[in-house]
Amino acid sequence: MSYWSNNGTDTGKVKQQIDAEFARIDKLMSIYRDDSVISQFNQQQINTYQTVGSELVRLIEQSRLISHASQGCYDLTVKPLFDLWGFKANQFNQPSAEQIHTVLLSTCMRHLGTTAPDKAAKAVTNLTVDVSSIAQGYTVERLSVILQNNGIQHFMAEIGGELLTQGHKRICHLSA
């Protein structure tokens, strides 16, 4: 995160707000935390609507539009296929056709339902939802709002290659 401001911005306050927002979004969307909302949703073996929060529902519905526009090429539920092939462990695994078929039965955006404003449900119990592909861009947007709310109009916010810039370059680094 880099920004420039000549209005006497309290850097410590901005850093605290950014750190708090990172922590909040991580607790909501991280698939690497067993206690995150998305991980808790994924661990449930029921197919009834569960409260996941309005932010996750909005991201799921935005993802559904992208999935539809890409004719299903974009899909929040394909993580089990990545794991099957060994991408999670960085070790190649040649799955059998039967293993692939079995995993494919529990993937597809059509198995993921939402109801406004804050509930989601799985049509198959072992469906896994991973919002990582959209969460980084969402986080960048949320951090830019914090900067703007603090009167910062010149910044570059970047997370994992997702980038948002505004204004022009004069840099004061903020470590986050």
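Look up a bit, the structure's there.
Let me begin by describing the structure that accompanies this report. Being a predicted model, the structure only gives us computed values, none of them experimental.

## Some details on the overall build of the chain
If you tally the helices and strands in the chain, you get six helices and seven strands. Reading the helices (α) and strands (β) of the chain from amino to carboxyl end gives β-α-α-β-α-α-α-β-β-α-β-β-β. With the C-alpha coordinates of the chain rotated into their principal frame, the extents come out at 60 × 35 × 30 Å. Counting the 176 residues in the chain, one finds 38% classified as buried. A fraction of 62% describes how many contacts in the chain between residues 6 or more apart in sequence connect residues 24 or more apart. As displayed, the chain has an accessible area near 10,100 Å², and 53% of this comes from carbon and sulfur atoms. Of the charged side chains in the chain, 15 are positive and 16 negative; the average position of the first set lies 4 Å away from that of the second.

## Let's talk about the sheet that holds strand 2 (residues 50–51)
Taken together, three strands build an open sheet; the order of strands is 2-4-3 and the sheet is antiparallel. The strands lining the two open edges of the sheet, one partner per strand, are strand 2 and strand 3 (112–115). The sheet contact formed by strand 2 and strand 4 (residues 119–122) spans two bridges and is antiparallel. Along strand 4, the bridge assignment pairs T51 with K119.

## Quick notes on the nonpolar core
Judged by nonpolar contacts, the single largest core of 23 residues is most densely connected at M29, L56, L76, L112, V129 and V131. Looking at this core, the elements with two or more residues in it are helix 1 (11–29), helix 2 (37–43), helix 3 (54–69) and helix 6 (132–149). Considering each element in turn, this core owes the most residues, four residues, to helix 3. Here V129 is in contact with I31, I38, F41, N42, L76 and L112, once residues within four sequence places are set aside. Among the nonpolar cores identified, the runner-up in size contains eleven residues, and Y3, I18, L147 and F155 belong to it.

## What about the pairing of strand 6 (residues 162–166)?
Of the strand pairs in this sheet, strand 5 (residues 154–159) and strand 6 are connected by five bridges, and their pairing is antiparallel. Paired with E158 across the bridge in strand 6 is L163. In this structure, the hairpin formed by strand 5 and strand 6 is closed by a connection of two residues, where G160 is found at a positive phi of approximately 55°.

## Observations regarding the packing of aromatic side chains
Applying the stated criterion across every chain, the model contains two aromatic pairs. Note on F82 and F87: the rings are 5.6 Å apart at their centroids and 55° apart in plane angle, and the pair reads as tilted. Looking at F87, the relative accessible area reads 54%, which means it is exposed. When the ring of W85 is compared with that of F92, the centres are 6.0 Å apart and the planes differ by 45°; the resulting orientation is tilted. Accessibility expressed as a relative area gives 26% for W85, which makes it partly exposed.

Cut-offs applied
The residue numbers shown here count from 1 along each chain, following its written sequence. Totals for whole chains, interfaces and linings use every residue, but because this is a predicted model, local features are given only for residues with pLDDT of at least 70 and side-chain atom pairs only at 80 or more, for both listing and counting. Note: side-chain values were computed over all heavy atoms of the structure, leaving out hydrogens and water. The helix count covers DSSP runs of H or I at least four residues long, the strand count covers runs of E at least two residues long, and both are numbered beginning at the N terminus. Burial classes: relative accessible area under 20% of the type maximum marks a residue as buried, over 50% as exposed, and values in between as partly exposed (1.4 Å probe, protein chains only). The contact rule is simple, with two residues in contact once any of their heavy atoms fall within 4.5 Å. Using the Shrake-Rupley algorithm and a 1.4 Å probe, accessible areas are obtained, with residue cover drawn only from the displayed protein chains. Residues counted as positive are Lys and Arg, residues counted as negative are Asp and Glu, and His and the chain ends are not counted. Lysine's charge is taken at NZ, arginine's at CZ, aspartate's at CG and glutamate's at CD. Strands pair, by our definition, only if DSSP identifies at least two bridges between them. For our purposes a nonpolar core is just a set of buried Ala, Val, Leu, Ile, Met, Phe, Trp, Tyr and Cys residues, chained together by side-chain atoms within 4.5 Å. The rule is short: rings of Phe, Tyr and Trp, with Trp giving its six-membered ring, pair when the centres are within 6.5 Å, and they are stacked under 30 degrees, edge-to-face over 60, tilted in between.

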